Amino acid sequence: MPTEISGSTGVNKIQDGTVVAADLASSLGDNTPSFKVLATDGTGIANATWTKVTFGTEVWDTDNAFASNKFTVPSGKNGKYQFHFRVKMSGIDDNEYIRAHLYKNGTRVEASGNEFHSPGNDLQVPSQGFYALSLVAGDYIELWCYHNEGGTRTMFGGTNEATSDASYLQAVRLIGV
């Protein structure tokens, strides 16, 4: 005969050996704030100049923490955040490159960025990355980009995440770490 268990484990409620409720959010917290924004289409990026990416479309923003082209950690939401980003431009020629980096409180986070070189002439080249940061309330994150093409390049942007090839920035607060 099986052993019957009843009570609560702190995460799951067990009644007569059956899990009747799982309440992970209250015991672990949730992954908010979380956001995703798409870059403004047609933004010109000057040659050899670090430029802050402008975002025109908010896909989601759970805590209204993304405004004025930056994410600011809300009060009570200290923790580790996972960021993912992409900056894409066309017209990048052989051995030219684009770079993208996260900036924390106005300072470039060197380890966050990548430099992508074009393998041919007049190509579409993305610079993308994943990076985790420990943040506290009031810290802010921006996405900046750079290229050495020789003239102003237009960054890919968009208004619909499902149909666009837009440059973007997204993040989620991690739980359990």
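All of these numbers come straight from a predicted model, not from anything done at the bench. (Residues numbered from 1 in each chain as written. Predicted model: local features only at pLDDT ≥ 70, side-chain atom pairs only at ≥ 80, totals over all residues. Heavy atoms only, no water.)

Novice: Before we go on, may I ask you to explain the sheet that holds strand E17 (residues 168–173) in this structure?
Specialist: The strands making up a sheet associate through hydrogen bonds between their backbones, and the pairing can be parallel or antiparallel. Read from one edge to the other, the open sheet built from five strands follows the order E7-E4-E17-E10-E14, with strand pairing classed as antiparallel. Both edges of this open sheet fall to strand E7 (55–61) and strand E14 (123–135), since each of them pairs with a single strand only. Here the average twist between neighbouring strands, direction ignored, is 15 degrees. Here six bridges tie strand E10 (residues 79–92) to E17, and the two strands are oriented antiparallel to one another. When the bridges of E17 are listed, Tyr81 appears paired with Arg173. (Pairing = 2+ DSSP bridges. Helix = DSSP H or I, 4+ residues; strand = E, 2+ residues; numbered from the N terminus. Axes fitted to C-alpha atoms, helices over the stretch in contact; angles between N-to-C directions.)

Novice: Just to check I follow, could you spell out the environment of Thr32 for this structure?
Specialist: Here Thr32 shows up in the loop between helix H1 (24–28) and strand E4 (34–39). On the accessibility criterion, Thr32 (16% relative accessible area) is buried. Between the C-alpha atoms of Thr32 and Asp61, which are 29 residues apart in sequence, the distance is 9.1 Å. Side chain to side chain, Thr32 and Asp30 meet in a polar contact 2.6 Å long. In this structure the side chain of Thr32 is engaged in a polar contact, spanning 3.2 Å, whose partner is the side chain of Lys77. (Buried < 20%, exposed > 50% of the residue type's maximum accessible area, 1.4 Å probe, protein only. Polar contact = N/O pair within 3.5 Å; in protein donor to acceptor, adjacent residues only side chain to side chain.)

Novice: Mind showing me how you'd approach the pairing of strand E11 (residues 97–104) here?
Specialist: Two faces make up the sheet, and in a regular strand the side chains alternate between them. Extensive coverage of E11 is indicated by the burial of six of its eight residues. As paired strands, E11 and strand E13 (residues 114–117) are joined by four bridges and run antiparallel to one another. For Ala100, the partnering residue across the bridge sits in E13 and is Asn114. Bridge count between E11 and strand E15 (residues 140–147): seven bridges; the pairing is antiparallel. Its bridge partner lying in E15, Lys104 is registered against Ile141. In the sheet, E11 pairs with strand E12 (residues 107–108) via two bridges, with the strands oriented antiparallel. Each bridged residue has a counterpart across the sheet, and for Lys104 the counterpart in E12 is Thr107. Counted along the chain from E11 to the antiparallel partner E12, the turn is two residues long, and its residue Asn105 has a positive phi close to 50 degrees.

Novice: I tried to follow the side chain of His147 on my own but got confused; where do I start?
Specialist: Here His147 shows up in strand E15. Using a relative accessible area of 0% as the deciding quantity, one classes His147 as buried. A polar contact is formed between the side chain of His147 and the backbone nitrogen of Glu149, at a distance of 3.0 Å. Beyond its immediate sequence surroundings of up to four residues, His147 is in contact with Ile45, Ala46, Asn47, Ala48, Met89, Tyr97, Ile98, Thr152 and Arg153. (Contact = heavy atoms within 4.5 Å.)

Novice: Looking at this structure, I do not really get the pattern of salt bridges. What am I missing?
Specialist: Once the charged atoms of two side chains with opposite charge are near each other, the side chains can pair. Per the counting criterion, the structure on display carries 11 salt bridges. Across the salt bridge formed by Asp30 and Arg173, the nearest N and O atoms sit 3.9 Å from each other. In this pair, Asp30 sits in the loop between H1 and E4 while Arg173 sits in strand E17, placing the two residues 143 residues apart along the sequence. Classification of Asp30 as partly exposed rests on a relative accessible area of 36%. One salt bridge in this structure joins Glu110 and Arg108, with 2.5 Å as the shortest N-O distance. Owing to a relative accessible area of 27%, Arg108 belongs among the partly exposed residues under this scheme. (Salt bridge = Lys/Arg side-chain N within 4 Å of Asp/Glu carboxyl O.)

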